[in-house]
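What the coordinates show
Read off the chains here:
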Amino acid sequence: QVQLAESGGGLVQAGDSLRLSCTASGRTFRNYAMAWFRQAPGKEREFVGVVSWNGGTKSYADSLKGRFTISRDNARNMVYLQMSSLKPEDTAVYYCATATTYSSRSRDYDYWGQGTQVTVSS
């Protein structure tokens, strides 16, 4: 069992940077791949990025490569999403998730946080 809690969301202006954090608790955290997804109003949940259990492998949605960076610190039970050059189109609820497989599919993820709102104004 793993519990996840996101933080760091807020209201920013276009072009700003923001770092989201996800705190994990429970057993076997280090054995899980961890990912970020997002969901904008009226849209389905969208893959953002994933990092392997040891932090050695990372993947991103093609549209976000170069702007978003995912990382993890297992010693602190933390996962981060560094977002740069934010655009209004990035406005969404951002979710942290974890799974036993390395995947970009939401259905492969077992545990989810409650989400944190990111709003990017023009």
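First things first, this report covers the structure right here in the doc. (Residues numbered from 1 in each chain as written. Predicted model: local features only at pLDDT ≥ 70, side-chain atom pairs only at ≥ 80, totals over all residues. Heavy atoms only, no water.)

Description of the pairing of strand β5 (residues 46-51)
- Taken across its six residues, β5 has five buried, putting it largely inside the fold.
- Across five bridges, strand β4 (residues 33-39) lies against β5 in antiparallel orientation. Bridge pairing in β5 places Met 34 opposite Val 51.
- Sheet topology places β5 next to strand β6 (residues 58-60); three bridges connect them, and they run antiparallel. Among the inter-strand pairings, Gly 49 is bridged to a residue of β6, identified as Tyr 60.
- Taken together, β5 and the strand that follows it, β6, pair antiparallel across an intervening segment of six residues, in which Gly 55 is found at a positive phi of about 80°. (Buried < 20%, exposed > 50% of the residue type's maximum accessible area, 1.4 Å probe, protein only. Helix = DSSP H or I, 4+ residues; strand = E, 2+ residues; numbered from the N terminus. Pairing = 2+ DSSP bridges.)

Comments concerning the packing of aromatic side chains
- The full count for this structure, using the stated rule, is six aromatic pairs.
- Their ring planes at 75° and their centres at 5.2 Å tell us that Phe 37 and Tyr 109 sit as a pair that is edge-to-face. Within this pair, whereas Phe 37 is found in strand β4, its partner Tyr 109 is found in the loop between β9 (92-99) and β10 (111-112), the two being separated by 72 residues in sequence. Here the two residues Phe 37 and Tyr 109 agree in accessibility, since each one is buried.
- Here the aromatic rings of Phe 37 and Trp 112 are separated by 5.1 Å at their centres, their planes lie at 50°, and the arrangement is tilted. Remark: Trp 112 occurs in strand β10 and Phe 37 occurs in strand β4; sequence separation between them is 75 residues.
- On the basis of relative accessible area, Phe 37 is assigned to the buried category, the value being 1%.
- The partly exposed category is assigned to Trp 112, whose relative accessible area is 25%.
- Within the aromatic cluster, the residues linked to one another by ring pairs are Phe 37, Phe 47, Tyr 95, Tyr 109 and Trp 112. (Phe/Tyr/Trp six-rings, centres within 6.5 Å; stacked < 30°, edge-to-face > 60°.)

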